[in-house]
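The primary structure of each chain is shown beneath.
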Amino acid sequence: MKHYFSTRVRVVMIAAVLLALVLVVVCSITGTSVGGNVVQGILTPIRTGVSQLTDQAEQLFSYMFRYEALQAENNALKQQISQMQDDARQAGAISRENDRLRAMLGLLETNEDYKLVDGYIISRSSVDWTSTFTINRGTNVGIQPGMCAITANGELVGLVSEAGSNYAVIKSVLDSSLEISATIASSGYNGMVKGGYASGLDGYLRMNYLPSDATIRNNDQVVTTGSTVYPRNLILGHVVDAGFDDTGVAKYALVEPAVDVRSLEQVFIVTEYNNG
């Protein structure tokens, strides 16, 4: 065993001497020192690794700065789009209001006795058999309970049921508690119109008490007969179906309202008119 180790040690020592001689020869030829070569050999991979890390760090910082710039640009574009959408909505609202005002002027030319106050819808309620909404005008501009609400095109919307100084609650024509005296314009048949909630006909009106021999056609226009509450010839809607009531001695007509209460933005309250 001792002989084995002695031989191995001698081999290692001989190899070390030979390596030293090679390094001396190389250094004498290149003009560098042995220590310098050793240091260079150690530092070279370290420098390479540091250089790679530096490059990666520069790329990371460049990406981060670029990402922040893109994010800022994205936020600016979003704000521009939002502003453009707001401008488009406002332009659309102004355009619709102008259309309504032009129609209202035409309505006033036809009905010179009308005095109207406009109001914008600020809330809605539709529960069970009731259908109401609130506008932003009230008694301070002459609105009182019992006045009717119409569109600029002369379509009946409902009846003021409550009024405060700066608001008014309106029962729409869909509310089952309203009964409106009406006429089928083409034939002159009279009846009473009310909301169809009670009959399971949500969103429709029902015209009751029509003569059993009445000829009722789809698309016949239904208008107000005229009273101390509702001016004459306000449009209620158009007939979409008809039949006999439960007694079998009278007919009814199913009427599609002329106005979609859910999409209304503005209404006009008739504060005065000539009911003679």
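Here the structure is a predicted model, which means the values were calculated and not measured. (Residues numbered from 1 in each chain as written. Predicted model: local features only at pLDDT ≥ 70, side-chain atom pairs only at ≥ 80, totals over all residues. Heavy atoms only, no water.)

**Q** Please give an account of the overall build of the protein chain that cites residues and values.
**A** Within the protein chain one finds two helices and twelve strands. Scanning the protein chain from its N terminus toward the C terminus, one meets helices and strands in the order α-α-β-β-β-β-β-β-β-β-β-β-β-β. The buried share among the 276 residues of the protein chain stands at 31%. Per element, the accessible surface of the protein chain, about 17000 Å² overall, is 56% carbon and sulfur. (Helix = DSSP H or I, 4+ residues; strand = E, 2+ residues; numbered from the N terminus. Buried < 20%, exposed > 50% of the residue type's maximum accessible area, 1.4 Å probe, protein only. Areas by Shrake-Rupley, 256 points an atom, 1.4 Å probe, with all protein chains shown as cover.)

**Q** Would you mind going over the pattern of salt bridges in detail, with residue names and values included?
**A** All told, the structure shown has three salt bridges when counted by the stated rule. Here aspartate 118 and arginine 137 are joined by a salt bridge, their closest N and O atoms 3.3 Å apart. Of the two residues, aspartate 118 sits in strand E1 (residues 115-127) while arginine 137 sits in the loop between strand E2 (130-135) and strand E3 (148-150), which places them 19 residues apart along the sequence. For aspartate 118, a relative accessible area of 25% translates into the label partly exposed. Residue classification places arginine 137 among the partly exposed residues on the basis of a relative accessible area of 25%. The closest approach of N and O atoms between aspartate 260 and arginine 262, which form a salt bridge, is 3.3 Å. With a relative accessible area of 71%, arginine 262 lands in the exposed category. (Salt bridge = Lys/Arg side-chain N within 4 Å of Asp/Glu carboxyl O.)

**Q** If you had to explain the pairing of E2 to someone new, which residues and values would you point to?
**A** For E2, the tally of buried residues reaches five of six residues, placing the bulk of the element in the interior. Pairing analysis gives four bridges linking E2 to strand E5 (residues 168-172), with the strands arranged antiparallel. Residue pairing for E5: isoleucine 135 is matched across the bridge by alanine 168. (Pairing = 2+ DSSP bridges.)

**Q** Provide a residue-level description of the packing of aromatic side chains, including the pertinent values.
**A** One pass over the structure, following the stated rule, counts zero aromatic pairs. When the ring centre of tyrosine 252 is taken as origin, the NZ or CZ atom of arginine 206, which lies over that ring, is 3.9 Å away. (Phe/Tyr/Trp six-rings, centres within 6.5 Å; stacked < 30°, edge-to-face > 60°. Lys NZ or Arg CZ within 6 Å of the ring centre and 35° of its normal.)

**Q** Tell me about the environment of glutamate 256, residues and numbers included.
**A** Looking at the secondary structure, you find glutamate 256 in strand E11 (residues 251-257). Taking the relative accessible area as the measure of exposure, glutamate 256 reaches 42% and is therefore partly exposed. Along the primary structure glutamate 256 and valine 240 are separated by 16 residues, whereas in three dimensions their C-alpha atoms are 6.5 Å apart. Those residues in contact with glutamate 256 that sit more than four places away from it in its chain are Tyr204, Leu236, Gly237, His238 and Val240. (Contact = heavy atoms within 4.5 Å.)

**Q** Hey, could you go over the sheet that holds strand E8 (residues 205-210) for me, with residue numbers and the actual values?
**A** Read around the closed barrel, the six strands follow the order E6-E7-E8-E11-E10-E9; overall the barrel is antiparallel. Neighbour-to-neighbour, the strand axes of this sheet turn through a mean angle of 40 degrees, independent of strand direction. Of the strand pairs in this sheet, strand E6 (residues 180-184) and strand E9 (residues 221-224) are connected by three bridges, and their pairing is antiparallel. Note on E9: the bridge partner recorded for threonine 183 is valine 223. (Axes fitted to C-alpha atoms, helices over the stretch in contact; angles between N-to-C directions.)

**Q** Would you mind going over the side chain of aspartate 175 in detail, with residue names and values included?
**A** When you line up the elements, aspartate 175 lands in the loop between E5 and E6. A polar atom in the side chain of aspartate 175 sits 2.6 Å from the side chain of serine 177. (Polar contact = N/O pair within 3.5 Å; in protein donor to acceptor, adjacent residues only side chain to side chain.)

**Q** A description of the confidence of the model for the protein chain should follow, citing residues and the corresponding values.
**A** Averaged over all residues, the pLDDT of the protein chain equals 81, while 72% of them reach at least 70. Looking over the protein chain, one finds the lowest element-wise mean pLDDT in helix H1 (residues 2-30), namely 57, and the highest in E9, namely 97. (pLDDT = per-residue confidence, 0-100.)

**Q** Please give an account of the pairing of E6 that cites residues and values.
**A** Both faces of the sheet carry side chains from a regular strand, because those side chains alternate between them. The buried fraction of E6 is high, at four of five residues. Counting the residues that bridge the hairpin from E6 to strand E7 (residues 190-195) gives five residues, and of these glycine 188 lies at a positive phi of roughly 85 degrees.

**Q** Requested: an account of the side chain of glutamine 266, with residues and values cited.
**A** Relative to the helices and strands, glutamine 266 resides in strand E12 (residues 266-272). For glutamine 266, a relative accessible area of 2% translates into the label buried. Engagement of the side chain of glutamine 266 in a polar contact is seen with the side chain of aspartate 118, the distance being 3.1 Å.

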